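Close look at the chain arrangement
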Amino acid sequence: MRKMVVCMLCLFALAAWTLPAHALDATGEPAKTAVIYVAPNGDDANPGSLAQPLASMAGARDRIRAWRASGSGFPSGGVRVQFRGGTYQVRSAIEFDASDSGTEGSPIVYEAYPDETPVFSGGVVIAGSDLKPIADRNVLARLPNSDAQNKVLACPLFRYGIGAYDLDMNQAYWARGELQPGQTENRSADAPRRMQVFIGDEALHLARYPNKVAGPFVDNPYDAYLSIAEIVGEPDRNGLSTSFRVDDQRIQNWTSFTDIAIFGPFGASKAVDRIVAQSIDPVAMTVSLEPLPGRGVKVGGRYAFENVFEELDAPGEYFIDKYSGLLYLYPSVDMRQAVVKISMLDEDYLIDVVGASQLTFSGLHFELTKGSIFRFKGGEAYTVQNCTLKNIGGVGIRMGEKSALNGANQRITGNRFLNTGQAAIVLYAGQNAGRTPGNVTIENNVVKHSGLLGSVGQSGLVLEGVGIAVQNNAFYFCRGQAIVGSIVDSRIERNEFCDSPCEGAGVFAGDLAASGNASDTIDAIATVNLNLMSANDRIAIRDNYFHDLTSMPIRYGTGSPYFDDSILKQSQPVFAEGESVSMDSIGVQGPSPQSATPLKRGWNLVDVGWVYCVGDDAALHKGWLAIDGVWRYLDRESGVMRTGWLTEGDRWYYLQPNGAMTKGWAQIDGAYRFFDGAGVMQSGWIRWKGALYYLEPGSGALIQKQ
């Protein structure tokens, strides 16, 4: 009886789902796609209709599982889970397994409802107006100067459900490479389990001495540090020293030495470690640390003190008092219109996909987790597109496994990565043994401020494997190299690299078979910001744009990859499918065209996009332009090639990511629309291949077929 009730509920839920016509099936007719709706004010006991939505991603996943278990069949067009705008609070990892897979013809898509922004948050958001001036005179007296006393604000975090465990600095730090209690996988490439504080999307840093130099990175090997001049005490049984003398008298002004962290390249290298001090003696002027695995402090090493209340003296700094539960913050903006964000979710991954295939995540926003956002392990045909992943302690997307045969046909396209503690993407593609290609595409993404918390080696992309295409991406302010890894039969093309303060090599391509382009080509691209290591050849680096970098040119091994015009190649833009990227979509400004290269006849890539020049004087073309039978539109003011929706009077056009005008059927914003031979979107009743279709007036979305 119970089984019958469950089956009836599942059938009821299926009946409640909207079944619009979307993708075309094998016969060329629109296939049926089930749609589940989810909203922040929904309920996972609801049927999942637009009027009665579910409440969570896990609830939608479970509804699909239950429906499948009922034996009701699977829609030929797959399932789309659409999330209404608003914030979805995530308190534990959302897990998917093989039973959650779609198929090639019937994928499962988790996506934003058209024109709305669903945000999956693992943190707490506090209104800036909730932070108040410090009233306690004894506390004020500990601040170093009158500016700090007048500007530092305070807020009780316990009021927002942030407890003592979350504020314990000993829980916030661990030595890289060690397994922690209950941990089964080494997280050294991901997140050091650290709560972060942001004002809006500006990453703040704990009050420290010496003060941090300008720049977004929390751990910077070139930052302001004190120097270790004298080691004290006996080394441990491994011959490593963990105590040193402090030469700066400033520590004698401090009144509390609990939970002060010491961080920096202790061992006279560029590897930045961070650990809560075991003891600080202001009389003997010594610091003692817990033993670091395999490392110790050395003369010439550098360090700084962190989480010191008396050093809360610069905008963008904060201090946490775990005993009172108070956050003290020196604001860098007017807090009356600002918000404070604190990352809280303490999971390895917010979304953990193990063994599933044919899943797509589209148009979703993720933020405020101590760990990483996505892990894809096993399975194939994953797509993450048009998502925003920001303000996190770990990796944005981790896909595949090292030394494994990884699934093929993965796509990471049109996403924005901002303020990732580690790399934006860590990818293992195919398998090196046998050169099995992964057929992975990373395109049209913007990566800004990656590696905020990591060691100097952290990069924008960490790649390993066979058959990877990295194209049409923009990299800004990457901690280490923009791209690092060991790749084979791959290409890196049509990307922009800018403002990356990496040390060491820009490109490291180790032991590549010579391909005919060696130092003469390398010298010509003196601002490359890639680091590649591979034991094989067939790597193409071409048509990229590099500027405002501070790294070495390129470092490579016994051979060299193939470089082709990687400063700026004037050629027609060719984009793969996927949403085009606005380079300043997250507040990034590129260089002026004059700072790069003079405009020439034909296509030119400038800071704001592609332009087309005509005539001997290379004048900008504006308006409609047809080349080889393909129509594109150049903005009538700026001359920049347009993409996406375009209106002229009452006519609507849709320009593809490569600028091409759309004709015929096209799936846009989750619905099928029809464009006539002139590219104009149709509405109302139309006849196509003998059948009548009704397109919604205004939006043009396909409603029904007769």
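Overview of the structure. Model, not experiment: these values are computed from the prediction.

Criteria and thresholds
Residues numbered from 1 in each chain as written. Predicted model: local features only at pLDDT ≥ 70, side-chain atom pairs only at ≥ 80, totals over all residues. Heavy atoms only, no water. Helix = DSSP H or I, 4+ residues; strand = E, 2+ residues; numbered from the N terminus. Pairing = 2+ DSSP bridges. Salt bridge = Lys/Arg side-chain N within 4 Å of Asp/Glu carboxyl O. Buried < 20%, exposed > 50% of the residue type's maximum accessible area, 1.4 Å probe, protein only.

Across the junction of Y209 and P210, the peptide omega takes the value -5°, indicating a cis bond. Assignment of secondary structure puts P210 in the loop between β15 (208-209) and β16 (226-227). Of note, the phi angle at D115 is positive, near 65°, even though the residue is not glycine. Inspection of the secondary structure assignment puts D115 in the loop between β7 (108-112) and β8 (118-121). Although it is not a glycine, N391 sits at a positive phi angle of roughly 55°.

Turning our attention to the sheet that holds strand β23 (residues 317-321). One open sheet accounts for 5 strands, arranged β10-β11-β24-β23-β14; its pairing is mixed. The open sheet has two free edges, formed respectively by β10 (132-133) and β14 (205-206), since each of these has just one partner strand.

Our next topic: the sheet that holds strand β12 (residues 197-199). Spatially, β9-β25-β12-β13 is the arrangement adopted by the 4 strands of the open sheet, whose pairing is antiparallel. Both edges of this open sheet fall to β9 (123-127) and β13 (202-203), since each of them pairs with a single strand only. Relative to strand β25 (residues 339-343), β12 runs antiparallel, the two sharing 3 bridges. Bridging across to β25, V197 finds its partner in I342.

In this section: the pattern of salt bridges. Scanning all chains against the criterion turns up 23 salt bridges. When the shortest N-O distance is used, the salt bridge between D97 and R65 registers 3.7 Å. Here D97, found in the loop between β6 (94-96) and β7, pairs with R65, found in helix α2 (residues 57-69); they are 32 residues apart in sequence, far enough to count as distant. Across the pair R80 and E111 runs a salt bridge, and its minimum N-O distance is 2.8 Å. Remark: E111 occurs in strand β7 and R80 occurs in strand β4 (residues 79-83); sequence separation between them is 31 residues. A relative accessible area of 6% means that E111 is categorised as buried. The structure contains a network of salt bridges with shared partners spanning R61, D62, R65, D97 and D100.

The next subject is the pairing of strand β22 (residues 302-306). A large share of β22 lies buried, amounting to 4 of its 5 residues. Sheet topology places β15 next to β22; 2 bridges connect them, and they run antiparallel. Of the residues in β22, the one forming a bridge with R208 is E306. Pairing of β16 with β22, which is carried by 2 bridges, proceeds in the antiparallel orientation. Across the sheet, the residue bridging to S227 is R302, located in β22. Bridge count for strand β18 (residues 261-264) against β22 is 3 bridges, and the pairing is antiparallel. Across the sheet, residue I262 finds its bridge partner in β22, namely F305.

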